[in-house]
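# Coordinates in review
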Amino acid sequence: MIAIAFSALIAFSVPVSAAVPAKGYVVKTSGTQIWLDLTAADGAAPGRGFAVYEEGEDIKHPVTGEQLGKAERKLAEGKLEEVADKFSVGRLGEPAPHVQAGARARLTSPAPAPPAAPASSRLPGEAELRGPRTRGAAFPYVITAMAVADFDGSGAKQVVLSDDKAFRLYAYPAAEHKVLAQIDIPGTGARILSLEAADLDGNGKAELFVSIYNEGFRRLETSVFALEEGKWAKKADLPLLVRAHQNAKGEPSLASQQIQDDKTFPFGAVYPLVYKDGKYAQGRPKLNPKRADWLYGFSYAQLDAAGEPAALYLTSVNSLRAQFAKGHWRSKEGFGQSPTRVRWYEKLLEFHPPMLATYNDSGFDKLYIIRNLAMLGGLANPFGLFNGGEIHAKTWTGVAFETAWKADLGGSSPGFALVEAEAGRKELLVAVAGATGKSAVWTFDP
């Protein structure tokens, strides 16, 4: 009995070392300027507040003995001015010579939304020009597709980016170079066309659907991957193309289409992709409306709460068309241009960036759409060569779409995603491919 008590006494007397936090430190100071190890992946953004503090003694529950945290003493506070790949730079509100490298730091107030341009700075009816909230790291490859989801079941989102031959997993919002998992697509003639994500099998982790063109076998197909123990594992190969779909109510799902070896009309009908009896298959009913036979060229929007939903699709010359039961509207500008394309017999298959309709309590809110700008003043559009791009947020006036705001991307874009980055705050995550062979991921306030 004494031995047991003595052993217990030794066990309780051994100090328990708390895990050292990996992030949240001051790394350098110079007057009121301060460098932190926090990046955009941690929520850092220009204008966001931060606090520098010193940890004190442990705080324990007087009855249970549970450690509740540590006492803290605030040393200084300030705001961030710049966010780089691996650190951020801020400014203290007043000199604090007692703040040194190694002190703890945390983000406090959210970054303010970028101010709207003054009414006097643009003509009536002219769209607001909006700047990015953050600019991520420059990746040494051209992004061809992007998918955002919770792939590891942690409850946090991750970002997958691809070039022609590989796809890579990053922590949201892909603000740093660190690759968490990567797969290179085998085969000299295979290239990635698009990425989509959804938890179709219902296991709490999203699957990644990688649509591929295998030129050697003249085959358009989709490989399904899942993240297992930090690595990508292939789950299935499908003789289909897979694309995110949005119905007139704004509800998301995955759509699928089989492209047949037919010179005259290769397009199969577009059906929902479902998971049943342990397999991925095409469900019912058919999703594509009249005049829209290509999976990557249409969507829906409920523009009039009292009327029929409009079918939105891109024409052969890249005009945006809203088709109603009676009549239609068509844009003068082109949208959805894409360098990702496949020549299938006599047809050119363009893998357009997405269109996304959003809604509020009053009904339709905005349509987000990409407009890529071809080199040589548009002459390079038939060759899929682009050196600029814009993202447009469009409202519906009752008779036409008008651009509420737009942003210059500094490069073309293969796609974007609307993500709830924090509780109650959404942001647009936009993949930007530069003309110099590098890419980045930017965020915008929607």
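Residues numbered from 1 in each chain as written. Predicted model: local features only at pLDDT ≥ 70, side-chain atom pairs only at ≥ 80, totals over all residues. Heavy atoms only, no water.

### Section: the overall build of the protein
Keep this limit in mind: Numbering goes from the N terminus for both helices and strands, where a helix is a DSSP run of H or I of at least four residues and a strand is a run of E of at least two. Two residues form a contact once any of their heavy atoms are found within 4.5 Å. Positive: Lys, Arg. Negative: Asp, Glu. His and the chain ends are not part of the count. The atoms used to mark charge sites are NZ of Lys, CZ of Arg, CG of Asp and CD of Glu.
Counting secondary structure elements, the protein contains one helix and 33 strands. Along the three orthogonal principal directions, the C-alpha set of the protein runs to about 85 × 65 × 45 Å. For the protein, restricting intrachain contacts to residue pairs at least 6 apart in sequence, the fraction spanning at least 24 positions comes to 50%. Here the protein carries 50 positive and 49 negative side-chain charges, and the mean point of each set is 5 Å from the other.

### Examining the nonpolar core
Note the following rule: Throughout this description, the term nonpolar core refers to a set of buried Ala, Val, Leu, Ile, Met, Phe, Trp, Tyr and Cys residues connected via side-chain atoms within 4.5 Å. Each residue is placed in one exposure class: buried if its accessible area under a 1.4 Å probe, protein chains only, is under 20% of its type's maximum, exposed if it is over 50%, and partly exposed if it falls in between.
Judged by nonpolar contacts, the single largest core of 22 residues is most densely connected at L220, L241, I259, W294, W344, L349 and F351. Residue assignment for this core shows that the elements contributing at least two residues are β21 (298-301), β22 (310-314) and β25 (341-344). In contact with W294, other than residues within four places in its own chain, are L241, Q257, I259, F267, L349, E350, F351 and H352. The next biggest cluster of nonpolar side chains, apart from the first, holds 20 residues, and it includes A145, F167, I212 and W232.

### Structural notes on the sheet that holds strand β28 (residues 363-374)
Under the convention used in this document: Any two strands with at least two DSSP bridges between them are considered paired.
Taken in spatial order, the five strands line up as β7-β30-β29-β28-β27 in an open sheet, and their pairing is mixed. The outermost strands of the open sheet, each flanked by one partner alone, are β7 (128-129) and β27 (355-360). By the bridge criterion, seven bridges tie strand β29 (residues 386-396) to strand β30 (residues 401-408) in an arrangement that is antiparallel. Looking at β30, one finds that E390 is bridged to D408.

### Section: unusual backbone geometry
Among all residues save glycine, negative phi is the norm, and among peptide bonds the norm is trans. P173 follows Y172 through a cis peptide bond whose omega is 10°. Relative to the helices and strands, P173 is located in the loop between β11 (166-171) and β12 (181-184). For the peptide bond that leads from R284 to P285, omega is 5°, which places it in the cis range. The phi dihedral of R291 falls on the positive side, at around 75°, and the residue is not glycine. As for its placement among the helices and strands, R291 is situated in the loop between β20 (279-282) and β21. With a phi angle near 70°, N318 is a residue other than glycine that sits in the positive phi range. By the element assignment, N318 lies in the loop between β22 and β23 (319-323).

### A word on the side chain of Q158
The criterion, for reference: Between N or O atoms, a polar contact is any pair within 3.5 Å; within protein, one atom must be a potential hydrogen donor and the other a potential acceptor, and residues adjacent in sequence are included only when both atoms are from side chains.
As for its placement among the helices and strands, Q158 is situated in strand β10 (residues 158-162). At a separation of 2.8 Å, a polar atom in the side chain of Q158 contacts the main-chain carbonyl oxygen of A156. Residues in contact with Q158, not counting those within four places in the same chain, are A147, V148, A149, D150, F151, D152, L169, Y170 and Y172.

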